[in-house]
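Secondary and tertiary structure notes
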Amino acid sequence: MDVYGLCLGGNVFGWTIDREQSFAVLDAYVEAGGNFIDTADTYMRPNQGISETIIGEWMAARGNRDQLVIATKVGSDGGLSAENILSRVDASLRRLQTDRIDLYYAHKDVGDVPVEETVRAFDQTVRDGKVLHVAASNVPPERLVRSLELAEREGLARYEWLQPHYNLVEREGYERDYAPIVERFGLQVAPYYALASGFLTGKYQPGDTGGDSPRAERALSYMDERGERVLAALNDVAAVRGAAVAAVAVSWLLAKPGVVSPIASARTPEQLAQILPIELSDDDITRLDEASA
Ligand SMILES: NC(=O)c1ccc[n+]([C@@H]2O[C@H](COP(=O)([O-])OP(=O)(O)OC[C@H]3O[C@@H](n4cnc5c(N)ncnc54)[C@H](OP(=O)(O)O)[C@@H]3O)[C@@H](O)[C@H]2O)c1
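Worth saying up front: this structure is predicted, and the values here are computed from it rather than measured.

1. Examining the overall build of the chain
Within the chain one finds eleven helices and eight strands. With the principal axes as the frame, the chain shows a C-alpha extent of 50 × 40 × 35 Å. Per-residue burial over the chain gives 54% buried out of 293 residues. Once local pairs closer than 6 in sequence are excluded, the contacts in the chain between residues at least 24 apart make up 78%.

Okay, structure coming up:
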């Protein structure tokens, strides 16, 4: 799949923005050259399915389905049993108003279903022509390896992409546990929370206690000594590049092995314009690596 270097996060649609504002962000993303949209059947609780519905209505209105790569997920509600996967894929297709999902993720693996059942169910969705590629998110490393080995051994559709929690203030879990698996199996990586819920846009200041976003509390949890060091480095690099802080944060991820398209969302076209990837130098990357170590 040929995808743009920023995957548009879809959990905002029907949550922090309404249908009309969602259409404006989606239009702006495509106008900027974007083609890769990430959603899930549970976005956004408690209004499950609203994000897929809005994306489906927008694609129908614009007639642009064939130009897009659509990723959605199953399993954060109801788990990764064959029954749940095989029924929910149809519900996602209906809401998205399409006949195939380009990338279908296991959203969350809590370990209650045998790996083999899940892998065979995803393989079935591919053989049925409903899914083109399968992928994993929030699957524990050991179960991810077992899934990949099983699929390779049995000639089943295997996870080709990984969607990990990875950004400048969340490095250790991914770099220690998942990066070696990515290298071994040649996975493509689309990190989520690329902006750490807005923290890495630089809009929160030390001492802030809240903000106008439901994400503010989560974002502000990163405001410690290391977080402030990362923000200072982002500000320096952004100044040198003449770019927005958020764009630098997204682009740092793109420099990491295996990373193809970091996922971030935007509430407005103005926010979106500031998260599009830019070129960084090796010195920029080193400065950010050191500040976030
Ligand atoms: N696989 C998983 O388990 C999982 C988990 C979480 C997310 N995801 C995926 O990853 C995507 C990205 O995560 P996320 O959307 O939750 O968080 P994020 O990308 O880390 O943060 C995005 C938020 O930051 C704020 N923002 C963006 N650009 C900005 C700018 N230029 N200036 C100021 N603020 C800006 C906006 O929120 P405010 O304006 O409200 O502050 C925006 O919604 C999701 O949409 C979803 O598709 C997957």
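2. Quick look at the packing of helix α2 (residues 50-62) against helix α3 (residues 82-96)
Contact geometry for α2 and α3: axes closest at 7 Å, N-to-C directions at 45°. Here α2 lies oblique to α3, going by the angle between them. Here α2 contributes Glu52, Thr53, Ile55, Gly56 and Met59 to the contact with α3, which in turn contributes Ser92, Arg95 and Leu96. Taken together, the residues of the contact of α2 with α3 break down into three nonpolar, three polar and two charged.

3. Description of the layout of surface pockets
Considering only enclosed or pocket space, the largest pocket measures out at about 900 Å³ in volume. Contributing to the lining of the largest pocket are 43 residues, with Asn11, Tyr193, Ser197, Arg215 and Ser265 lying nearest its centre. Among the secondary structure elements, those contributing two or more residues to the lining of the largest pocket are α9 (245-254) and β8 (263-264). Here the residues of the lining of the largest pocket are counted per class, giving 18 nonpolar, 17 polar and eight charged.

4. Section: the sheet that holds strand β3 (residues 69-74)
Spatially, eight strands are ordered β7-β6-β5-β4-β3-β2-β1-β8 in an open sheet, and the strand pairing comes out parallel. Two strands close off the open sheet at either side, each with one partner strand: β7 (188-189) and β8. Relative to β3, strand β2 (residues 36-38) is paired through three bridges, and the arrangement is parallel. Within β3, the residue paired with Ile37 across the bridge is Ile70. Sitting on the sheet, helix α4 (residues 115-127) is in contact with β3, β4 (101-106), β5 (131-137) and β6 (159-163), with an inclination near 150° to β5.

5. Focus: the UniProt feature "domain: NADP-dependent oxidoreductase" (unreviewed entry) in the chain
UniProt feature "domain: NADP-dependent oxidoreductase" (unreviewed entry): in the numbering of this structure it lies at residues 6-292. Taken end to end, residues 6-292 is 45% helix and 12% strand, and its two terminal C-alpha atoms sit 21 Å from one another.

6. Overview of the packing of aromatic side chains
Applying the stated criterion across every chain yields a total of eight aromatic pairs. Considering the side-chain rings of Tyr4 and Tyr29, the 6.0 Å spacing of their centres and the 75° angle between planes classify their relative orientation as edge-to-face. With a gap of 25 residues between them, Tyr4 in the segment before β1 (7-9) and Tyr29 in helix α1 (residues 19-31) connect regions that are remote in the sequence. Pairing Phe122 with Tyr159 gives two aromatic rings, centres 6.0 Å apart and planes at 70°, and the pair type is edge-to-face. With Phe122 in helix α4 and Tyr159 in strand β6, this residue pair connects regions lying 37 residues apart in the sequence. Of the two residues, Phe122 and Tyr159, both sit in the buried class. Taken together through their ring pairs, the aromatic side chains of Tyr104, Phe122 and Tyr159 make up a single cluster. Over the aromatic face of Tyr105 sits the side chain of Lys73, whose NZ or CZ is 5.9 Å from the ring centroid.

What counts, and where the lines are drawn
Residues numbered from 1 in each chain as written. Predicted model: local features only at pLDDT ≥ 70, side-chain atom pairs only at ≥ 80, totals over all residues. Heavy atoms only, no water. Helix = DSSP H or I, 4+ residues; strand = E, 2+ residues; numbered from the N terminus. Buried < 20%, exposed > 50% of the residue type's maximum accessible area, 1.4 Å probe, protein only. Contact = heavy atoms within 4.5 Å. Axes fitted to C-alpha atoms, helices over the stretch in contact; angles between N-to-C directions. Parallel < 35°, antiparallel > 145°, perpendicular 65-115°, else oblique. Nonpolar A, V, L, I, M, F, W, Y, C, P; charged D, E, K, R; others polar. 1 Å grid on protein atoms, 1.4 Å probe; cavity = no way out; pocket = protein on both sides within 12 Å on 5 of 7 lines; lining within 4 Å. Points joined across faces, edges and corners; volume = space filled by probe spheres on them. Pairing = 2+ DSSP bridges. UniProt positions renumbered as here; feature names shortened; annotations may be inferred. Phe/Tyr/Trp six-rings, centres within 6.5 Å; stacked < 30°, edge-to-face > 60°. Lys NZ or Arg CZ within 6 Å of the ring centre and 35° of its normal.

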